[in-house]
Amino acid sequence: MATSREYPTLLELFFVFLRVSASTIGGGYVMFPLLKREVVDGKGWMSDEEIVDYYALGQSIPGIIAMNTSTLIGYRKRGVPGAIAAALGMAAPSLVVILLIAAFLVPYFDHPWVQKAFAGIRAAVVSLIVMAVYQVAKQTVNSGSRIAIAVGSFLAIVGLHAHPVLMIVAGALLGFLLFHKEAPA
Amino acid sequence: MNIFLQLGISFLSIGLFAFGGGYAVLSFLQHEVVQRGWMTTERFADLIAISQSTPGPIAINLATFVGYETGGIAGALLATLAVSLPGMVLITVFALFLFHFYEKPPMQAVFKGLRPAVVGLIAAAAWHIGEVAFVNGAAVGIAAVCCLLIAKWKVHPVFLVAGSAIAGILFF
């Protein structure tokens, strides 16, 4: 975990994460290659292995992967001020673009063409989520007991309207009970 | 209850419990938005589409959007801060123990059970949106074509959103 370069300035941290965020459309999984290009290949702030581990940690903590990972990198480089600078850079493009859309485009939402366009888009959104979840499932739902947990969590929410938090807690407990004797893979 | 208090509680709890990134946040948020009567599932699906086709993390875009629709600019800032804060604090604390703690077998076992549960709850979010999205055969056709385009050519979401908008105007 040795840091391979001197401390970047807070402004530099802010703008690196702002660039990554502004050029990512589609969230956490799309962001990884861009983040690696900036932080590892461009700035030389860390190694390939480090960025993969940081990304894994960002995914293992609740919340937003992109925010968690940038906070961690910022913290590693410049402590708490660095973490805040990196997180602000990551959030800034979202805030600006979404506020502009929400303020100026929402009045046009009721136009029949816009309504039809959104009806088409909704169908595409289902596919986007299904395919994303399929990608994750291929890597994480790879045994009988894991399939049972995934199906159980799906049915409890769709059929019984269970709260998602309950599924997270139940999954964590079941994981501890079922897998703690397995050798770490 | 005051809308800012509601937004704060809602987004802090989402930030604290949503494991698995943007799509997991989406499933939690869908639950909250409908339960609290902030907007319809149709409207929420529209916000998802916009959040997926604009720059930045999907969950931050969604939080900003839902916050703005319910509480104006202050609501947008509050929701974004609240959804980000728990993860940021946790990962900073976690950084102190970093990989020692993370690689311990009991912790790995917990994550092995947690990840399939997350898969199930994201699939449930897709199900709920499908219930309002699949209003006719054309909608099912658009979804099927999108699945094929992603599976075979990894077509970028922006093109799928643009293409399905045009298909919607033509066929609905």
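Source: prediction; values computed, not measured.

> Let's hear about the overall build of chain A: which residues, and what values?
When its secondary structure is counted, chain A shows seven helices and zero strands. Each helix and strand of chain A, placed in order from N terminus to C terminus, yields the pattern α-α-α-α-α-α-α. Its C-alpha atoms give chain A a radius of gyration of 20 Å, more than 25% over the compact-globule value 16 Å for 185 residues. The dimensions of chain A, computed from C-alpha atoms along their principal axes, are 60 × 55 × 25 Å. Counting over 185 residues, chain A shows a buried share of 44%. Long-range contacts, defined here as pairs at least 24 residues apart, represent 45% of the contacts in chain A between residues at least 6 apart.

> Got a sec to walk through the overall build of chain B? Specific residues and values, please.
A count of helices and strands for chain B gives seven helices and zero strands. For chain B, the N- to C-terminal ordering of α and β elements is α-α-α-α-α-α-α. Counting only C-alpha atoms and orienting by the principal axes, one finds that chain B spans roughly 55 × 40 × 25 Å. Scored against the burial criterion, the 172 residues of chain B give a buried share of 53%. Within chain B, contacts between residues at least 6 apart in sequence are counted, and of these 61% link residues at least 24 apart.

> Break down the interface of chain B and chain A for me, citing the residues and quoting the values.
In many analyses, interface size is given as the accessible surface area lost on bringing the parts together. At the interface, 90 residues of chain B touch 84 residues of chain A. The set of elements that each furnish at least two residues to the side of chain B that touches chain A consists of helix H1 (3-17), helix H2 (22-35), helix H3 (41-52), helix H4 (58-102), helix H5 (105-133), helix H6 (137-153) and helix H7 (157-171) of chain B. Broken down by element, the side of chain B that touches chain A gets its largest block of residues, 25 residues, from H5(B). A breakdown of the residues in the side of chain B that touches chain A according to their chemical character gives 65 nonpolar, 21 polar and four charged.

> I'd love a proper account of unusual backbone geometry, names of residues and values included.
Phi angles above zero are rare outside glycine, and A:His161 is one such case at about 55 degrees. Structurally, the position occupied by A:His161 is in the loop between helix H6 (144-160) and helix H7 (164-179). Of the residues examined, A:His161 has 10 C-beta atoms within 10 Å and is grouped as exposed. With a phi close to 50 degrees, B:Lys154 is a non-glycine residue in the positive phi region.

> Just give me the short version of H1(B), but keep the residues and values in it.
Helix length check: H1(B) (15 residues) gives 21 Å between terminal C-alpha atoms against 21 Å at 1.5 Å per residue, within 8%. Every buried residue of H1(B) is accounted for by B:Leu7, B:Ser10, B:Phe11, B:Ile14, B:Gly15 and B:Phe17.

> Quick one: what's the story with the confidence of the model for chain B, residue by residue and with numbers?
On average, chain B scores 88 in pLDDT, and the residues at 70 or more come to 96%. Interface confidence in the predicted complex, given as ipTM, is 0.74; pTM for the same model is 0.75.

> Please set out the environment of B:Phe134 residue by residue, giving values where relevant.
Position of B:Phe134 among the secondary structure elements: in the loop between H5 and H6. Classification of B:Phe134 as partly exposed rests on a count of 16 C-beta atoms within 10 Å. Every residue in contact with B:Phe134, bar those within four places of it in the chain, is listed here: A:Ala123, B:Ala139 and B:Val140.

> So what about the packing of helix H5 (residues 112-140) of chain A against H5(B)? Which residues, and what values?
Relative to each other, H5(A) and H5(B) sit at 165 degrees, their axes nearing to 9 Å. Looking at the two axes, H5(A) sits roughly antiparallel to H5(B). When the axes of H5(A) and H5(B) are compared, the crossing they make is left-handed. When H5(A) is examined against H5(B), the residues A:Arg122, A:Ala123, A:Val125, A:Val126, A:Ile129, A:Val130, A:Val133, A:Val136, A:Ala137 and A:Thr140 are found in contact with a partner set consisting of B:Arg115, B:Pro116, B:Val119, B:Ile122, B:Ala123, B:Ala125, B:Ala126, B:Ile129, B:Gly130, B:Val132 and B:Ala133. Of the residues assigned to the contact of H5(A) with H5(B), the class counts are 17 nonpolar, two polar and two charged.

> Give a description of helix H1 (residues 10-22) of chain A that names residues and reports values.
All names here are of chain A. For H1, built from 13 residues, the straight-helix expectation of 18 Å at 1.5 Å per residue is met to within 8% by its first-to-last C-alpha distance of 18 Å. Taken together, the buried positions of H1 are occupied by Leu-13, Phe-14, Val-16, Phe-17, Val-20 and Ser-21. Buried residues of H1 fall within an arc of 165 degrees about the axis and therefore sit on the same side.

Rules used in this analysis
Residues numbered from 1 in each chain as written. Chains lettered and ligands numbered in written order. Predicted model: local features only at pLDDT ≥ 70, side-chain atom pairs only at ≥ 80, totals over all residues. Helix = DSSP H or I, 4+ residues; strand = E, 2+ residues; numbered from the N terminus. Rg over C-alpha atoms; globule rule 2.2 N^0.38 Å. Buried ≥ 20, exposed ≤ 12 C-beta atoms within 10 Å, placed from the backbone. Contact = placed C-beta atoms within 7 Å. Nonpolar A, V, L, I, M, F, W, Y, C, P; charged D, E, K, R; others polar. Expected span 1.5 Å × (residues − 1). pLDDT = per-residue confidence, 0-100. Axes fitted to C-alpha atoms, helices over the stretch in contact; angles between N-to-C directions. Parallel < 35°, antiparallel > 145°, perpendicular 65-115°, else oblique. Left-handed = near helix turned anticlockwise from the far one by under 90°. Arc of directions from axis to C-beta.

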